[in-house]
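The residues making up each chain are set out below.
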Amino acid sequence: MPRGKRRLAIDMRPSEDDQQSTKRQRNSYQSSRRYSKTDDAFSQKRCLTWFREYTTPDDPDNLGPEGMEKFCEDIGVEPENVAMLVLAYKMGAKQMGFFTQSEWLKGLTDLQCDTPSKVQCKLEHLRSLLNDPNTFKIIYRYAYDFARDKDQRSMDIETAKGMLQLMLGKHWPLYAQFAQFLEQSKYKVINKDQWCNILEFSRTISNDLTNYDVDGAWPVMLDEFVEWLRQLRAQPTIS
């Protein structure tokens, strides 16, 4: 019996071929792990190659509206999503609907993103930046120069309404009334002073307007809005 056991033990040892196969599998696994780590690391070359997917041979250093649409599709967000505004801010983008190569590399190097999936993983982080009041204020002010027509000093009213909806629509209880006021007002553009004061108004003036000082340094636009809203609220309701 002991001799038989020794034969069984010998027979169960891996053959030379099995040992080589196991070694190859181990080496393949280790190589796969090394590749995975390398692939996860940010690559500026890969980031630039990705940028080229959205540009044209005639203008390889600028991503335009068509490329922007495809980029948004690849990362799974609508162009008007607030995360896109924050991403543009991180890039230091100068014009809505366009990214230059240097802006792209600046923003995505900072975020360490060189693939669509990596940007998708950062979207919640980008939105969360707006939770900080100071950062929100900086991005709100950035949005004015980013979105306005560069040939004009002021922002046209339609663009302004879209950007106000994006920035304040979910946070300012009086936004709907203010949008209604703008809709029926004489204003065709909003200047930067008005833009900045709308944010301060939304943060400091109570919904019942009791702490609004008509003799304060508010723009005439906001004086008119307060007067309009008070008159609207004074109207008898129809039962």
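Rules used in this analysis
- Residues numbered from 1 in each chain as written.
- Predicted model: local features only at pLDDT ≥ 70, side-chain atom pairs only at ≥ 80, totals over all residues.
- Heavy atoms only, no water.
- Phe/Tyr/Trp six-rings, centres within 6.5 Å; stacked < 30°, edge-to-face > 60°.
- Helix = DSSP H or I, 4+ residues; strand = E, 2+ residues; numbered from the N terminus.
- Buried < 20%, exposed > 50% of the residue type's maximum accessible area, 1.4 Å probe, protein only.
- pLDDT = per-residue confidence, 0-100.
- Contact = heavy atoms within 4.5 Å.
- Disulfide = S-S within 2.5 Å.

Structural notes on the packing of aromatic side chains
This model, assessed by the stated rule, comprises 25 aromatic pairs. Note on Phe-181 and Trp-228: the rings are 5.8 Å apart at their centroids and 55° apart in plane angle, and the pair reads as tilted. Of this pair, Phe-181 sits in helix α10 (residues 175–184) while Trp-228 sits in helix α12 (residues 220–234); the two residues are 47 residues apart in sequence, bridging distant segments of the chain. Overall, the relative accessible area of 3% leaves Phe-181 in the buried class. A ring pair is formed by Phe-201 and Phe-225, whose centres lie 5.9 Å apart and whose planes are at 70°; its orientation type is edge-to-face. Of this pair, Phe-201 sits in helix α11 (residues 192–204) while Phe-225 sits in helix α12, placing them 24 residues apart in sequence. In terms of burial, Phe-201 and Phe-225 fall into one category: buried. Here the aromatic cluster, defined as three or more aromatic residues joined through ring pairs, consists of Trp-172, Phe-178, Phe-181, Phe-201, Tyr-212, Trp-218, Phe-225 and Trp-228.

Observations concerning the confidence of the model for the protein chain
Predicted confidence across the protein chain gives a mean pLDDT of 87, with 82% of residues reaching 70 or more. Considering only residues more than four positions removed or in separate chains, one finds that residues 20–25, a stretch of pLDDT under 50, has 0 contacts. Considering only residues more than four positions removed or in separate chains, one finds that residues 27–38, a stretch of pLDDT under 50, has 1 contact.

Section: the state of the cysteines
Going through the model one piece at a time under the given rule, you end up with 0 disulfides. The thiol of Cys-47 is not disulfide-bonded; the next cysteine sulfur, from Cys-113, is found 8.3 Å away. Looking at Cys-47, the relative accessible area reads 0%, which means it is buried. In this structure Cys-113 is a free cysteine whose sulfur lies 8.0 Å from that of Cys-121, the closest cysteine sulfur available. A relative accessible area of 1% places Cys-113 in the buried class.

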